[in-house]
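# Structure at a glance
Chain by chain, the residues:
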Amino acid sequence: MLTGLQIAVIGGDARQLEIIRKLTEMDAKLSLIGFEQLDHAFTGAIKEKIDDLDFSTMDAIILPVPGTTQDGQIETIFSNEKVVLTEEMLSVTPEHCTIYSGISNGYLNGIVKAADRRLVQLFERDDVAIYNSIPTVEGTIMLAIQHTDFTIHGSNIAVLGLGRVGMSVARTFHALGAKVSVGARKSEHIARITEMGLTPFLLKDIQQYVKDTDICINTIPYQIVTASVISKMPAHTLILDLASKPGGTDFRYAEKRGIKAILAPGLPGIVAPKTAGQILAGVLIQLLMDDLMERKGKEK
Ligand code: NAP
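Read on for a plain summary of the structure. Everything numeric in this text was worked out from a predicted model, so none of it was measured.

## A few points about the site of the ligand
Near the ligand lie 23 residues; those nearest to it are R164, V165, R185, A264 and L267. Taking G163, its main chain carries an N or O atom lying 3.2 Å from an oxygen atom of the ligand. One of the side-chain N or O atoms of K186 is found 2.8 Å from an oxygen atom in the ligand. In isolation the ligand has 920 Å² of accessible area, and contact with the protein removes 78% of it. Mapped by element, the contributors of at least two residues to the shell around the ligand are α4 (126-146), α5 (164-175) and α10 (267-271). Its residues assigned to classes, the shell around the ligand shows 12 nonpolar, eight polar and three charged.

## So, the packing of aromatic side chains
Taken as a whole and judged by the stated rule, the model has two aromatic pairs. Ring centres 5.6 Å apart and planes at 20 degrees place the aromatic pair F35 and F78 in the stacked group. Note that F35 is positioned in the loop between β2 (29-33) and β3 (45-48) and F78 in the loop between β4 (60-62) and α2 (87-91), a separation of 43 residues in sequence. Here F35 matches F78 in class, with each residue buried. Considering the side-chain rings of F201 and Y209, the 4.7 Å spacing of their centres and the 10 degrees angle between planes classify their relative orientation as stacked. On the basis of relative accessible area, F201 is assigned to the buried category, the value being 2%. In this structure Y209 comes out as partly exposed when scored by relative accessible area, which is 32%.

## Some thoughts on the sheet that holds β4
Spatial ordering of the open sheet is given by β3-β2-β1-β4-β5-β6, a layout of six strands whose pairing is parallel. The open sheet has two free edges, formed respectively by β3 and β6 (118-121), since each of these has just one partner strand. Strand-to-strand twist in this sheet, taken as the mean axis angle between neighbours without regard to direction, amounts to 20 degrees. The sheet strands contacting helix α3 (residues 106-115) are β5 (98-101) and β6, and the helix crosses β6 at an angle near 150 degrees. Its contacts with the sheet put helix α11 (residues 273-299) on β1 (6-10), β4, β5 and β6, and the angle it makes with β5 is roughly 170 degrees.

## As for the sheet that holds strand β12 (residues 260-263)
The six strands lie next to each other as β9-β8-β7-β10-β11-β12, forming an open sheet whose pairing is parallel. Both edges of this open sheet fall to β9 (199-202) and β12, since each of them pairs with a single strand only. The mean angle between the axes of side-by-side strands here comes to 20 degrees, regardless of whether they run parallel or antiparallel. Here strand β7 (residues 156-160) runs beside strand β10 (residues 215-218); their pairing, made up of four bridges, is parallel. Bridged to I157 within β10 is I215. Against the sheet, α4 contacts β10 and β11 (238-241), and its axis sits at roughly 155 degrees relative to β11. Along the sheet, helix α6 (residues 187-195) makes contact with β8 (179-184) and β9, crossing β9 at roughly 165 degrees.

## A few points about α5
For α5, spanning 12 residues, the distance from its first C-alpha to its last is 17 Å, which sits close to the expected 16 Å at 1.5 Å a residue. Residues of α5 that are buried: G166, S168, V169, A170 and F173. Those residues of α5 that are buried lie in contact with α4, β7, β8 and β10. G177 occupies a position one or two residues after α5 and carries a positive phi of about 95 degrees.

## Regarding α3
Along α3, the residues that are buried comprise L108, I111, V112 and A115. End-on view of α3: buried residues confined to an arc of 100 degrees, all on one side of the axis. Of the exposed residues in α3, those oriented more than 90 degrees away from the buried face are G106 and K113. Of the surrounding elements, those touching the buried residues of α3 are α2, β5 and β6. You can read the cap of α3 off the contacts: a side-chain oxygen lies 3.2 Å from the backbone nitrogen of Y107, and it is on N105. Immediately downstream of α3, the backbone of D116 shows phi near 60 degrees, a positive value.

## Side note on the pattern of salt bridges
Applying the stated criterion across every chain, the model contains 11 salt bridges. A salt bridge links E18 to R21; the shortest N-O distance between them is 2.8 Å. One end of the pair, E18, and the other, R21, are both in helix α1 (residues 14-25), three residues apart, so they sit about a helical turn from each other. Classification of E18 by relative accessible area gives buried; the value is 8%. We classify R21 as partly exposed; its relative accessible area is 29%. Ionic pairing is found between E25 and R21, a salt bridge with its closest N-O pair at 2.7 Å.

Conventions and cut-offs
Residues numbered from 1 in each chain as written. Predicted model: local features only at pLDDT ≥ 70, side-chain atom pairs only at ≥ 80, totals over all residues. Heavy atoms only, no water. Near = heavy atom within 4 Å. Polar contact = N/O pair within 3.5 Å; in protein donor to acceptor, adjacent residues only side chain to side chain. Areas by Shrake-Rupley, 256 points an atom, 1.4 Å probe, with all protein chains shown as cover. Helix = DSSP H or I, 4+ residues; strand = E, 2+ residues; numbered from the N terminus. Nonpolar A, V, L, I, M, F, W, Y, C, P; charged D, E, K, R; others polar. Phe/Tyr/Trp six-rings, centres within 6.5 Å; stacked < 30°, edge-to-face > 60°. Buried < 20%, exposed > 50% of the residue type's maximum accessible area, 1.4 Å probe, protein only. Pairing = 2+ DSSP bridges. Axes fitted to C-alpha atoms, helices over the stretch in contact; angles between N-to-C directions. Contact = heavy atoms within 4.5 Å. Expected span 1.5 Å × (residues − 1). Arc of directions from axis to C-beta. Salt bridge = Lys/Arg side-chain N within 4 Å of Asp/Glu carboxyl O.

Don't take any of this as a statement about function, it's just geometry.
Given below as structure tokens:
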């Protein structure tokens, strides 16, 4: 149980509701910032404004998946008020206070470092990224269906990258009957793609492999679908770019060529916020319990 822990949950989308629900079930005391418009009330959780929050009592701060913007704002879909996290706020937290976020950026890294606190990026964890790839793939299938007039079955699909998302995407589209080729740069990835019964290609040869592509799914957060790559694609190709913003596609050139290219971030939160929230909640609870045990051990 998380009895006695005081946690601030600041901002977010429907995924945060699962986290709030699970944390209150585990008996943590929550302060909810940026949830004024949420009708639902949770026992053990009070809605507060960020300026009224007593940071000096917080054992943990939970930020939404994107963390903050580059100017410190925290997005929240349950409030119209601007919520900004500052170094001054973190500085008054107890030394053991840990900040949890999905991903981070220069601003968030900077204020956490300046306040000398610990930041945990949940999406850096393999387990979270792999579980999260499941709703990501389902969202990708949804987009592929919505934006094409042909079946996935039998179509030529080029997947770029064989990381946590790329592997799940490649395997699932293959299982749906698509002819899947996967581009990677490492020889061990080429070997794995072959083992999976898919067609491998080296990313340096990408231009040769997109000539008959119906759907190109990019998972590489690096400019990989360049103008010269797009120029080799058939006019009907759909590009689904899953890589984190700004994606890996030259969207300006794709538009110029009349090729539909969609940057599709945050699919788990769109297609399966409940599951995506449960994935995060499960890992968060484990981490909070580990922290609590460690602190209790030190106090003895
Ligand atoms: P990952 O496991 O780190 O995989 C990234 C892949 O990109 C690897 O295959 C890596 O290959 C390749 N790569 C990286 N830089 C490269 C470069 N300069 N040239 C060639 N290949 C390069 O990451 P992931 O968990 O699969 O996530 C992939 C992306 O999807 C991330 O941007 C993540 O934020 C995003 N994402 C989006 C959604 C969504 O809803 N759209 C959901 C989850 C994740 P090497 O091993 O050779 O480096």
